[in-house]
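# Architecture at a glance
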Amino acid sequence: MSDGNREESPDLFKVRLEKIEELRSSGIDPFGKRFPVQDQAAEIIADFPAYDGEEVTIAGRLTAKRGHGKASFGDLQDFSGRIQVYARLNDLGSDAYELYKKLDIGDIIGVRGTVFRTRKQEITVAINSFEILSKSLRPLPEKWHGLKDIDLRYRQRYLDLIVNPEVKEVFLKRIEIIRAIRHYLEERGFLEVETPMMQPLAGGAAARPFITHHNALDMELYLRIAPELYLKRLLVGGFEKVFEINRNFRNEGISTKHNPEFTMLELYQAYGDYQDMMAITEDLISTVTQQVFGTTKIEYDDQEIDFTVPWTRLSMMDAVERYTGQDFSHLDTERARRQAVELGMEISAGAVWGQILNEVFETYVEEKLIQPTFITGHPVDVSPLAKRSQENPSLTDRFELFINSWELANAFTELNDPLDQRKRFEQQMDERARGDEEAHAMDEDFVTALEYGMPPAGGLGIGIDRLVMILTNAPSIRDVILFPTMRTREC
RNA sequence: GGGCCAUUAGCUCAGUCGGUAGAGCACCUGACUUUUAAUCAGGGUGUCACAGGUUCGACUCCUGUAUGGCUCACCA
């Protein structure tokens, strides 16, 4: 079986091809034309008294047929919902009625008809006339159980959307959430910008990139792993409050929490710092949640996530001490290694103090952070783009937001010292030389930009897909991405 | 990449101890002018994921492959 050309029961497909020929020979175009839709199924049902006895013009897909000889019911599904239609020989005449009887489930039709309520109180459109707008050649998945096969649901999302109404609801929520985020930021003076998806150097995060090639320039380009370094160039250029909601691409494993392309919000505010970012994060997410869901308490996988502000704030070192009993506040790499090993961890040879602390945190603390929690004070060793903390130059003014043990946001006071930035890149290059493929590359062009002067700034990234997952109780990131990345089928 | 599991009709699924495949929906034929998972009568439409092996005989047992799911690793 191949996905685009699946073997159907030959008769089934053939029967429908024959119907198409029949239609054509009787002068009817099976793939229709413009149809001036006036009304929506859900609106007619919601406001029945206003529509009762009136003629409406609707269009959509026929999803069920219930024939009764000289009368016939059907369900018509448009984007707004589903409404029953009723065709009667007496109303339509024999030619049109015969045509109606030949319609298949899955056909798209346009209907002009009169709204009424049946004996069983179902709001229904009695068809006065109809047009075939598109013939369907393939049968829809089963009406009662829907389409369950997860593989097919992702590969043929259009079928998933047709037959599983709750799927559409999730994507409508996603749309609302993103719209609310945009609205929130625009109201506060942030400007939405677009920066390169194809970059000569994939920077701004630690991840393996996708590589592509530009023929005319004969150069390698990388799909971006983050927009960060371009957004900061805009700060140099005088933009003061910018954001971008767009795709990042990371050439890494796929899981229920990772899709190779995913959507990030990144936001930068000149003259601000990570504390401002924390305030925005907390207020943005709780405000949007309240707006879209009418509450700040959300059920995810049998747990209640409470977005009510303020959220817990905990330094990485305190968090590690709380959950492991080990104090890493000294800066001794060897001692840190011994402590980590004592906890049962394996630490790679070249790891330094900050990396060890970070690994211990990820291993023992992350899984405990269910309610929204800000973790602050990341080691400079794992934060090559963040500004050093004034109180402790081994740490940075940075936070990550954890919800349901997932990293949802990452923010820091941006490093605007070009000399320090160059040293950080050099340190990253050392790590790269030691085999860390994800260590940051030297970006001379970016350092040059900083040398012209970048205002102190706060920067923030929020993983939109994961946020949508939590807010819509989706078990997999693929449930919130319309067309998730799938292996192509060979057979 | 490792482990576990799955793959049977268009869809959702059953299939006993190894004896050559079956149910609902969909589809086809007919009946039926207010049904709604319409109903009634009749019809099975299949390369049992793919390729080998064992066997008199394989959907079933074995090996490999493909795809997917979960999970671990990876993903600061």
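## Here's the deal with the pairing of strand E18 (residues 457–463)
Counting buried positions over the 7 residues of E18 gives 7, a clear majority of the element. Here E18 shows a buried face lined by Ala457, Gly459, Gly461 and Gly463 and a second buried face lined by Gly458, Leu460 and Ile462. Pairing between strand E11 (residues 261–270) and E18: 7 bridges, direction antiparallel. In the sheet register, Glu266 faces E18, and the bridge partner there is Gly461.

## Details of the sheet that holds strand E8 (residues 211–214)
An order of E7-E9-E8 is seen for the 3 strands of this open sheet, with the pairing classed as antiparallel. The open sheet has two edge strands with one neighbour each: strand E7 (198–199) and E8. Across 4 bridges, E8 lies against strand E9 (residues 219–223) in antiparallel orientation. Directly across from Thr212, in E9, lies its bridge partner Leu221.

## Concerning the pairing of strand E1 (residues 55–67)
Bridging between E1 and strand E4 (residues 108–117) involves 7 bridges; their strand directions are antiparallel. Pairing of Gly60 across the sheet is with Ile109, part of E4. As paired elements, E1 and strand E2 (residues 71–78) share 6 bridges and run antiparallel to each other. Counted as the bridge partner of Arg66 is Phe73 from E2.

## Structural notes on a negative patch on the surface
A cluster of like negative charges, contributed by Glu299, Asp301, Asp302 and Glu304, occupies part of the molecular surface. Tracing the sequence through the fold places Asp302 in the loop between strand E12 (297–300) and strand E13 (303–306).

## So, the layout of surface pockets
Vacant regions in the atomic arrangement are exposed by a probe of water-molecule size rolled over the atoms. What the second largest pocket holds in volume is close to 660 Å³. Residue lining of the second largest pocket: 24 residues in total, with Leu161, Phe171, Ile175, Leu482 and Phe483 positioned closest to the centre. In terms of residue count, helix H8 (residues 165–187) provides more of the lining of the second largest pocket than any other element does, 7 residues in total. For the lining of the second largest pocket, the class distribution of residues is 13 nonpolar, 3 polar and 8 charged. Domain assignment of the residues forming the lining of the second largest pocket places at least three in each of domain 1 (32–134) and domain 2 (164–311 + 371–479).

## What to know about the confidence of the model for chain A
Confidence in the prediction of chain A, expressed as mean pLDDT, is 92, and 97% of residues score 70 or more. For chain A, the element scoring lowest by mean pLDDT is helix H1 (residues 10–25), at 85; strand E6 (residues 191–192) scores highest, at 98. Throughout residues 1–10 the model reports pLDDT below 50, and contacts reaching past four residues in sequence, or to other chains, amount to 11 contacts.

## Details of the pattern of salt bridges
Summed over all chains, the structure comprises 35 salt bridges. In this structure, the salt-bridge partner of Lys19 is Asp104, at a minimum N-O distance of 2.8 Å. Of the two residues, Lys19 sits in helix H1 while Asp104 sits in the loop between helix H5 (94–102) and E4, which places them 85 residues apart along the sequence. Classification of Lys19 by relative accessible area gives buried; the value is 18%. A salt bridge links Glu22 to Lys102, with the shortest nitrogen-to-oxygen separation between them at 3.7 Å. In this pair, Glu22 is assigned in helix H1 and Lys102 in helix H5, connecting sequence segments 80 residues apart. Through salt bridges with shared partners, a single network forms among Arg16, Lys19, Asp104, Asp107 and Lys135.

## Structural notes on the side chain of Asp443
Mapped onto the secondary structure, Asp443 falls in the loop between helix H14 (418–433) and helix H15 (444–451). The class of Asp443 is buried, set by a relative accessible area of 7%. Discounting chain neighbours no more than four positions away, the residues touching Asp443 are Leu201, Leu229, Arg233 and Phe425.

## Looking at the protein's contact with RNA strand B
Taken together, the neighbourhood of RNA strand B is formed by 50 residues, with Lys143, Ala206, His258, Val382 and Arg478 sitting nearest. Close to the protein, within 4 Å, the atoms of RNA strand B belong to sugar or phosphate groups at a rate of 59%. One of the backbone nitrogen or oxygen atoms of Asp149 is found 2.9 Å away from a phosphate oxygen of RNA strand B. It is helix H6 (residues 150–155) that provides the largest number of residues to the surface near RNA strand B, a total of 4 residues. Its residues assigned to classes, the surface near RNA strand B shows 15 nonpolar, 12 polar and 23 charged.

## Quick look at the domain arrangement of chain A
Its domain assignment divides chain A into domain 1 (32–134) and domain 2 (164–311 + 371–479). Distance between the C-alpha centres of domain 1 and domain 2: 48 Å.

## A closer look at H8
An ideal rise of 1.5 Å per residue puts 33 Å on 23 residues; H8 measures up with 33 Å between its terminal C-alpha atoms. When H8 is considered as a whole, its buried residues turn out to be Val167, Lys168, Val170, Phe171, Arg174, Ile177, Ile178, Ala180, Ile181, Tyr184 and Leu185. Gly189, located one to two residues past H8, shows a positive phi value of around 85 degrees.

Calculation rules
Residues numbered from 1 in each chain as written. Chains lettered and ligands numbered in written order. Predicted model: local features only at pLDDT ≥ 70, side-chain atom pairs only at ≥ 80, totals over all residues. Heavy atoms only, no water. Buried < 20%, exposed > 50% of the residue type's maximum accessible area, 1.4 Å probe, protein only. Helix = DSSP H or I, 4+ residues; strand = E, 2+ residues; numbered from the N terminus. Pairing = 2+ DSSP bridges. Patch = residues over 30% accessible without salt bridge, like charges linked within 9 Å, V, L, I, M, F, W, Y side chains within 5 Å. Areas by Shrake-Rupley, 256 points an atom, 1.4 Å probe, with all protein chains shown as cover. Salt bridge = Lys/Arg side-chain N within 4 Å of Asp/Glu carboxyl O. Lys, Arg positive; Asp, Glu negative; His and termini not counted. Charge placed at Lys NZ, Arg CZ, Asp CG, Glu CD. 1 Å grid on protein atoms, 1.4 Å probe; cavity = no way out; pocket = protein on both sides within 12 Å on 5 of 7 lines; lining within 4 Å. Points joined across faces, edges and corners; volume = space filled by probe spheres on them. Nonpolar A, V, L, I, M, F, W, Y, C, P; charged D, E, K, R; others polar. Domains from an automatic or database assignment. pLDDT = per-residue confidence, 0-100. Contact = heavy atoms within 4.5 Å. Near = heavy atom within 4 Å. Polar contact = N/O pair within 3.5 Å; in protein donor to acceptor, adjacent residues only side chain to side chain. Expected span 1.5 Å × (residues − 1).

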